[in-house]
Amino acid sequence: MRIFLLVLCLVAIAAGAAFSYYNPAPVTVDWLAGTSEIPLGVLLLAAMLAGFLLAMLLLGPTWWILRLRLRRLQKSLLRQSGELDSLRALKPSAGTLED
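Quick caveat, the model's predicted, so the values are computed rather than measured.

Draft legend 1. Broad picture of the overall build of the protein. Along the protein, the regular secondary structure elements total two helices and two strands. Starting at the N terminus and walking to the C terminus, you meet the elements of the protein as α-β-β-α. The C-alpha radius of gyration computed for the protein amounts to 28 Å, which surpasses the reference 13 Å derived for 99 residues by more than 25%, pointing to a less compact arrangement than a globule. Over its C-alpha atoms, taken along the principal directions, the protein stretches across nearly 90 × 30 × 15 Å. For the protein, the residues scored as buried account for 4% of the 99 residues in total. Split by element, the accessible area of the protein, about 9400 Å² in all, is 71% carbon and sulfur. If the 9 positive side-chain charges of the protein are averaged to one point and the 6 negative ones to another, these points end up 8 Å apart.

Conventions adopted
- Residues numbered from 1 in each chain as written.
- Predicted model: local features only at pLDDT ≥ 70, side-chain atom pairs only at ≥ 80, totals over all residues.
- Heavy atoms only, no water.
- Helix = DSSP H or I, 4+ residues; strand = E, 2+ residues; numbered from the N terminus.
- Rg over C-alpha atoms; globule rule 2.2 N^0.38 Å.
- Buried < 20%, exposed > 50% of the residue type's maximum accessible area, 1.4 Å probe, protein only.
- Areas by Shrake-Rupley, 256 points an atom, 1.4 Å probe, with all protein chains shown as cover.
- Lys, Arg positive; Asp, Glu negative; His and termini not counted.
- Charge placed at Lys NZ, Arg CZ, Asp CG, Glu CD.

By themselves, these observations are geometric and do not establish any function.
Pasting the structure below:
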């Protein structure tokens, strides 16, 4: 999965670099306080970065909580698995009924 994400990021970077190279014309951006001219590639890069940061701001806490919960559940599973193995290793005593 990590290799797939790395390849996907490299393809996105290459596509962005090619887009910026072939579209160097500046575009006029109207801000609330005025206007400015920015190359189209820089504007798109800034928009993608802003979207990524907003997504991380909104989804980051949930992702972090889920990772902590997963870690806790894995520790609990490991502890319970060890307890089950130790119970299976016990031999029944002579006075008990067996099926």
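Moving on from the coordinates now.
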